[in-house]
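Results of the structural survey
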Amino acid sequence: IRINDFLRGESGGSTVQERLQRRNQARLEDAERRKEAKQSRSVAEERTEYFFSTFNSERASIEEVLSGCSGADRAAVTQKLEEATVKTAELQKFLNDNMFVLNQYQLKTSQAALQKLQASIAETREEALPKKKFAFRARTKAADKAPVQVTATPPPADSGSDRADGPPASEQCGFSNVNNELLTKTAEEIQNRDVLLTHLTNCKVRLFGSPSTLHLKHIDGCEILCGPVATSVFVDRCRNSVLAFPCQQLRTHNTTDTRVYLHVTSRAIIEDCSGVSFAPFSWSYSGIEEDFTVSGLDRDRNNWSQVDDFNWLAAGLPSPNWTVIPEEDRKNTWDP
Amino acid sequence: MGLLTILKKMKQKEREMRLLMLGLDNAGKTTILKKFNGEDVSTISPTLGFNIKTLEHRGFKLNIWDVGGQKSLRSYWRNYFESTDGLVWVVDSADRLRLDDCRRELGALLLEERLAGATLLVFANKQDLPGALSKEAIREALALDDIKSHHWCVIGCSAVTGENLLAGVDWLLDDIAARIFTAD
């Protein structure tokens, strides 16, 4: 063999031939690989297609079973509900088994469809087989007694859960439970503080100064303007309102039909919101420059139009829950 | 040599811990993580998903998982439970309105089988705010004294100033180390 190798090494012709052969071999292998890759890709596509056709037909059949429940007698409904529940569980398993052929968005929509099914099963059950209402008799007695107790001995101010739900304690700065008023705070009152506004209806609020953080909850029909907030603004259950503030982060929850004039140096997010619209912050007052300095916010960095919607994960498609306020509709003058 | 001893020996060799940081949104989880790691905290955005940091502290390799706290992300928390040595529960001590939510979510976590062996550190964050509840008030509001299933500790801290972050993490490391690494 050694001699053979030696001889081959000597004769250039056979080396070239060998090289050619090797190259041809490599080319063939490469083509084979590509073919396989293509096949497996189309297999993946087929699997997705197969998943959706099965998933949708199963879902339709469960819906049909459910729709057969109205008007049927108790025994029949029980049996149908049982069937629907089993089928839904099977469908959930089918989804779990096929998770890897779906992308994030497809997975989310399928999961949502399943949840809807489960909800409608529960609803049908509630409608057709209502549970016997159950209540403690003593409860009404206790309720009668309660107000007396309150007037006699007021509950201790420091009991944990009362405090969590009750009105803000004295050291907390802000307004709550006010209707139809103009409310203002000065820089001295809110500087570096955490400001809380709750249960305000049809109010105009002006917060001059730089608070550390700002919380808004249960706001209806208000116009709330605030100076630069050093860290985050947290908005929850707000509707038909106009808000304006600079901040580092904005987190908006359960909010509808609200306009936000925003300066945000990192990001704004929305969750469980609809009809929220954004424009750049345009309020000003004398001393706002100093307040910007106090807050440490960068005036040159404003990401007001980059809003992340936690309920909208489809990449490439804009969220239907928020919009940019068209320039001609933006408010530029606030207080005459 | 029992299996447990072997496992302990293996863990000791790596001296590696996995910490999971959870809490409601706006609690300051990412800020704590970044501050602890000496990074800029002024550009932090609400977490869409999660952050992982691996850092060395006192000769331990810490894998810290910081998972977003938005309501829509909480159902994904379970995906991060596996082999967690320490759970860091971060509370916005100034957010009185959501303390009930906070207690409920923590209570649900502590029932999780996969977190059964984890040590719990509660960070009563945002102590720099004038309206923040003290760590004693947080301890009461979250009913921490009722927790019998886990080693726990509550520490008041401020992610913005960095106050007490080290003390909290050191307590957590000591507790975990005493549990999973052999004393010798």
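Remember, predicted model here, so these are calculated numbers, not experimental data.

It is worth spelling out the overall build of chain B at this point. Scanning chain B from N- to C-terminus turns up six helices and six strands. By the burial criterion, 53% of the 184 residues in chain B qualify as buried. Counting every atom, chain B has about 8,100 Å² of accessible surface; 53% of that belongs to carbon and sulfur.

Our focus in this paragraph is the interface of chain B and chain A. Counting from both sides, the interface comprises 29 residues of chain B and, opposite them, 36 residues of chain A. Taking both sides of the interface into account, the surface hidden between chain B and chain A amounts to around 2,700 Å²; carbon and sulfur atoms contribute 51%. Taken together, chain B and chain A are joined by zero salt bridges. Scanning the region where chain B abuts chain A turns up ten residue pairs in polar contact (both at pLDDT 80 or more). The set of elements that each furnish at least two residues to the side of chain B that touches chain A consists of helix 3 (71-74) and helix 4 (99-110) of chain B. Residue contributions to the side of chain B that touches chain A peak at three residues, all from helix 3 of chain B.

So, on to unusual backbone geometry. Trans peptide bonds make up the majority, and among non-glycine residues the majority have a negative phi. Positive phi, close to 60°, is recorded for asparagine 192 of chain A, a residue that is not glycine. Mapped onto the secondary structure, asparagine 192 of chain A falls in the loop between helix 7 (187-190) and strand 3 (194-201). Judged by relative accessible area, asparagine 192 of chain A falls into the partly exposed class, the value being 48%. The backbone of serine 83 of chain B sits at a positive phi, close to 45°, despite the residue not being glycine. The residue serine 83 of chain B is located in the loop between helix 3 and strand 4 (86-92) in this model. Serine 83 of chain B gets classed as exposed once you look at its relative accessible area, which sits at 51%.

To continue, consider the pattern of salt bridges. Per the stated rule, a full pass over the model turns up 27 salt bridges over all chains. Glutamate 18 of chain A serves as the salt-bridge partner of arginine 22 of chain A, at 3.4 Å between the closest nitrogen and oxygen. Here glutamate 18 of chain A and arginine 22 of chain A lie together in helix 2 (residues 12-67), a separation of four residues that amounts to about one turn. Here arginine 22 of chain A falls in the exposed class, since its relative accessible area comes to 52%. For glutamate 18 of chain A, a relative accessible area of 29% translates into the label partly exposed. Here aspartate 95 of chain B and arginine 98 of chain B are joined by a salt bridge, their closest N and O atoms 2.8 Å apart. Looking at aspartate 95 of chain B, the relative accessible area reads 7%, which means it is buried.

A few words now on the packing of aromatic side chains. Inspection of the entire model under this criterion finds 13 aromatic pairs over all chains. Between tyrosine 261 of chain A and tryptophan 334 of chain A, the ring centres sit 5.1 Å apart and the planes meet at 85°, which makes this aromatic pair edge-to-face. Of this pair, tyrosine 261 of chain A sits in strand 10 (residues 256-264) while tryptophan 334 of chain A sits in the segment after strand 14 (322-324); the two residues are 73 residues apart in sequence, bridging distant segments of the chain. Across the pair, exposure class does not vary: tyrosine 261 of chain A and tryptophan 334 of chain A are buried alike. Taken together, the aromatic side chains of Tyr50, Phe51, Phe52, Phe55 and Phe94 of chain A make up a single cluster linked through ring pairs. The cationic tip of lysine 185 of chain A hangs over the ring face of phenylalanine 175 of chain A; the distance from NZ or CZ to the ring centre is 4.6 Å. The ring of tryptophan 65 of chain B carries arginine 18 of chain B above its face, with NZ or CZ at 4.5 Å from the centroid.

Once that is clear, we can look at the UniProt feature "coiled-coil region" (unreviewed entry) in chain A. As recorded in UniProt, the feature "coiled-coil region" (unreviewed entry) lies at residues 21-48 of chain A. Secondary structure within residues 21-48 of chain A divides into 100% helix and 0% strand; the distance between the first and last C-alpha atoms comes to 41 Å.

Residue and element names in this part refer to chain B. Helix 6 (residues 165-180) packs onto helix 2 (residues 29-36) with a crossing angle of 90° between their chain directions and a minimal axis gap of 11 Å. Taken together, helix 2 and helix 6 sit at an angle that is classed as roughly perpendicular. For the pair helix 2 and helix 6, contact is made by Ile32, Lys35 and Phe36 and by Leu165, Leu166 and Val169, respectively. Considering only residue class, the contact of helix 2 with helix 6 consists of five nonpolar, no polar and one charged.

On to the pairing of strand 7 (residues 232-239) of chain A. All names here are of chain A. The buried fraction of strand 7 amounts to six of the eight residues, a majority that puts the element mostly inside the structure. Bridging between strand 7 and strand 9 (residues 249-253) involves five bridges; their strand directions are parallel. Across the sheet, residue aspartate 236 finds its bridge partner in strand 9, namely histidine 253.

Moving on, we come to the UniProt feature "binding site: Mg(2+)" (unreviewed entry) in chain B. When the UniProt feature table is mapped to this numbering, "binding site: Mg(2+)" (unreviewed entry) covers Thr30 and Thr47 of chain B. Considering the C-alpha atoms alone, the annotated residues occupy 18 residues of sequence yet fold into one spot, their largest mutual distance being 7.5 Å. Tracing the backbone shows threonine 30 of chain B in helix 2. Dropping the residues within four chain positions of it, threonine 30 of chain B is found in contact with Ile44, Thr47, Asn51 and Asp66 of chain B. Here threonine 47 of chain B is to be found in the loop between helix 2 and strand 2 (50-57). Residue classification places threonine 47 of chain B among the buried positions, given a relative accessible area of 11%. Beyond its immediate sequence surroundings of up to four residues, threonine 47 of chain B is in contact with Phe310 of chain A together with Thr30, Asp66, Gly68 and Leu73 of chain B. A polar atom in the side chain of threonine 47 of chain B sits 2.8 Å from the side chain of threonine 30 of chain B.

Reading the values: rules and limits
- Residues numbered from 1 in each chain as written.
- Chains lettered and ligands numbered in written order.
- Predicted model: local features only at pLDDT ≥ 70, side-chain atom pairs only at ≥ 80, totals over all residues.
- Heavy atoms only, no water.
- Helix = DSSP H or I, 4+ residues; strand = E, 2+ residues; numbered from the N terminus.
- Buried < 20%, exposed > 50% of the residue type's maximum accessible area, 1.4 Å probe, protein only.
- Areas by Shrake-Rupley, 256 points an atom, 1.4 Å probe, with all protein chains shown as cover.
- Contact = heavy atoms within 4.5 Å.
- Buried area = accessible area lost by both parts, 1.4 Å probe.
- Salt bridge = Lys/Arg side-chain N within 4 Å of Asp/Glu carboxyl O.
- Polar contact = N/O pair within 3.5 Å; in protein donor to acceptor, adjacent residues only side chain to side chain.
- Phe/Tyr/Trp six-rings, centres within 6.5 Å; stacked < 30°, edge-to-face > 60°.
- Lys NZ or Arg CZ within 6 Å of the ring centre and 35° of its normal.
- UniProt positions renumbered as here; feature names shortened; annotations may be inferred.
- Axes fitted to C-alpha atoms, helices over the stretch in contact; angles between N-to-C directions.
- Parallel < 35°, antiparallel > 145°, perpendicular 65-115°, else oblique.
- Nonpolar A, V, L, I, M, F, W, Y, C, P; charged D, E, K, R; others polar.
- Pairing = 2+ DSSP bridges.

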